[in-house]
Every structure is written in C-alpha cells, then in structure tokens.
Amino acid sequence: MLRLRPYKPCDGDKIAGWLGDERTFAMWSAYRYSYPLTGGQLNERMNSAMENPCEWMMTALDESGEPVGHFLLRNADYERNTIHIGFIVIDDSMRGMGYGAQMLELAEKYCFEVLGMNRITLGVYDINERAKHCYEKLGFKEYAVEDADFEFQGERWRVIEMECLKQEAAL
C-alpha cells in the first residue's frame, strides 16, 4: 500500500538517484533540469512551487515510509477544475511492480476527491509505451499529439497529451 505526502527536501537526493541514465532523465524532464539531476535541483523546484498557488510536488511512500515515487501537480485551474500531473517517476529498482499505477491512482483520488477537479492531464513521449499503457489502464485517453518533437541523441520523440475525466476514471 502506498501513501502520498507533500515532497520534502530530504526526498531530493533519493529521487535524483532514480534518474541515473541520461535517456531516462530526458524522458522524465525534457531537460527542464540539468543532467545529472541532483537533490538540490529538486529542492529549488520545490521552493519555486511553494511560491505558486497552482503547483506543488508530491512523494509516494511505501509501507515503511520510504519514498518510492514522485510527481508534480501544476497548472491547477480552480475555475475549470483541471490540473496537470508531470515529472512522474518511480524508484527504478521498483519499476514493473505496480507502484506507478498505485501512485497515480492515489494522485487521481487526490485530484478528484480532495481538490475537486474534473479533469487531469499529463504528457508522455510516444516511445514510452509502458508508461502510456499504465496511464490508459487508469482511465487516461489520448486527446492530442504535439507537433513539436523532442530530440534525444538522434531520436525524435513526440508528446502524446492525455486526459482523465472524473466520470471516466478507473477508481
């Protein structure tokens, strides 16, 4: 069973360690952070998010209270009741064990039930089929593909925009 709590500065180094190879880092960040990622960079983002009433960082904890996942909630629109989830990552030693789905299910519940949102959006690169499949299982559906490509070492990645509507969520 996972739990969610707000991100704390002590989470930074642990989360940064999950993004050790540059390809995974690029998929996660689109280079919005510098490679290699450090806990300090995440803590700087947290400080920035604390100044923005529509953005905050979350950490998923396992049964023993250890961080196993992380994401950012941003662009909260309280008039349209929509929010975006980004920078989604699970401890690399625990991928494929269902933690990503559990964490996002908790994120959906938080967004829909606590924040009163009706729509959650996220973006995923077309080459990240495993993540896209996970999101689809949780009720996210593709609604757009960005024309702008992201380039990583000669590869071209397209961003698939997905949404989950409260009435269609797999909760």
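Counting starts from 1 at the beginning of each chain's written sequence and moves along it residue by residue. It should be noted that, the model being predicted, local features are given only for residues of pLDDT at least 70 and side-chain atom pairs only at 80 or more, the latter also being counted only at that level, while totals for whole chains, interfaces and linings use all residues. Side-chain numbers here rest on the full set of heavy atoms in the structure, without hydrogens or water.

Enquirer: Please set out the state of the cysteines residue by residue, giving values where relevant.
Expert: Two cysteine sulfurs form a disulfide in these notes if their separation is within 2.5 Å. Enumeration according to the criterion identifies zero disulfides in this entry. In this structure C164 is a free cysteine whose sulfur lies 9.6 Å from that of C111, the closest cysteine sulfur available. Look at C164 and you get buried, because its relative accessible area is 0%. Buried means the residue's accessible area, taken with a 1.4 Å probe over protein chains only, is under 20% of the maximum for its type, while exposed means over 50%, and partly exposed covers the values in between.

Enquirer: Can you break down the packing of aromatic side chains residue by residue, with the values?
Expert: Only Phe, Tyr and Trp rings take part, Trp by its six-membered ring, and two of them pair if their centres are within 6.5 Å. Stacked means planes under 30 degrees apart, edge-to-face means over 60, and tilted covers everything else. Evaluation of the coordinates by the stated rule reveals 12 aromatic pairs. Centroid distance Y31 to F150: 5.9 Å. Interplanar angle 25 degrees. Geometry classified as stacked. Note that Y31 is positioned in the loop between helix 2 (22-29) and helix 3 (39-50) and F150 in strand 6 (residues 141-152), a separation of 119 residues in sequence. Of the residues examined, Y31 reaches a relative accessible area of 33% and is grouped as partly exposed. F150 gets classed as buried once you look at its relative accessible area, which sits at 14%. One aromatic cluster is present, built from ring pairs that chain together F25, W28, Y31, Y33, Y35, F87, Y125, F150, F152 and W157. Where helices and strands are cited, they refer to DSSP runs of H or I of at least four residues and of E of at least two residues respectively, numbered from the N terminus.

Enquirer: Pulling in residues and values, what's your account of the side chain of E161?
Expert: Inspection of the secondary structure puts E161 in strand 7 (residues 155-165). Beyond its immediate stretch of four places on either side in the chain, E161 contacts H84, L122, G123, K141, E142, Y143, A144 and E146. In this description, contact between two residues means that some pair of their heavy atoms is separated by no more than 4.5 Å.

Enquirer: For helix 4 (residues 99-114), give the residues involved together with the corresponding values.
Expert: A turn of α-helix holds 3.6 residues, and therefore any two residues three or four places apart point the same way. The end-to-end C-alpha distance of helix 4 is 21 Å, a good match for the 22 Å that 16 residues give at a rise of 1.5 Å each. Just beyond helix 4, the residue with positive phi is G116, at close to 75 degrees. The span you would expect from a helix comes to 1.5 Å times its residue count less one.

Enquirer: Give me the lowdown on the pairing of strand 3 (residues 67-77), citing residues and values where you can.
Expert: Counting buried residues in strand 3 gives 10 out of 11 residues, a clear majority hidden from the surface. Strands pair, by our definition, only if DSSP identifies at least two bridges between them. With six bridges joining them, strand 2 (residues 56-61) and strand 3 adopt antiparallel strand pairing. Paired with W56 across the two strands is L73, which belongs to strand 3. Adjacent in sequence and paired antiparallel, strand 2 and strand 3 are bridged by five residues, among which G65 carries a positive phi angle near 90 degrees. From the end of strand 3 to the start of strand 4 (residues 82-90), which pair antiparallel, there are four residues, and N81 there has a positive phi angle of about 55 degrees.

Enquirer: With reference to specific residues and values, describe the nonpolar core.
Expert: Membership of the largest hydrophobic core comes to 32 residues, with the highest contact counts inside it found for L73, I83, Y135 and F140. Those elements that place two or more of their residues in this core are strand 2, strand 3, strand 4, helix 4, strand 5 (119-125), helix 5 (129-137) and strand 7. Considering every element that reaches this core, the biggest residue donor is helix 4, with seven residues. Among all residues touching F140, those that are not within four sequence positions of it are E108, I120, L122, Y135, M162, E163 and C164. In these notes, a set of buried Ala, Val, Leu, Ile, Met, Phe, Trp, Tyr and Cys residues joined through side-chain atoms within 4.5 Å is what counts as a nonpolar core. Core analysis: the next-biggest nonpolar cluster, separate from the first, contains 15 residues, Y7, Y33, M46 and F87 among them.

Shape descriptors only; they carry no functional weight alone.
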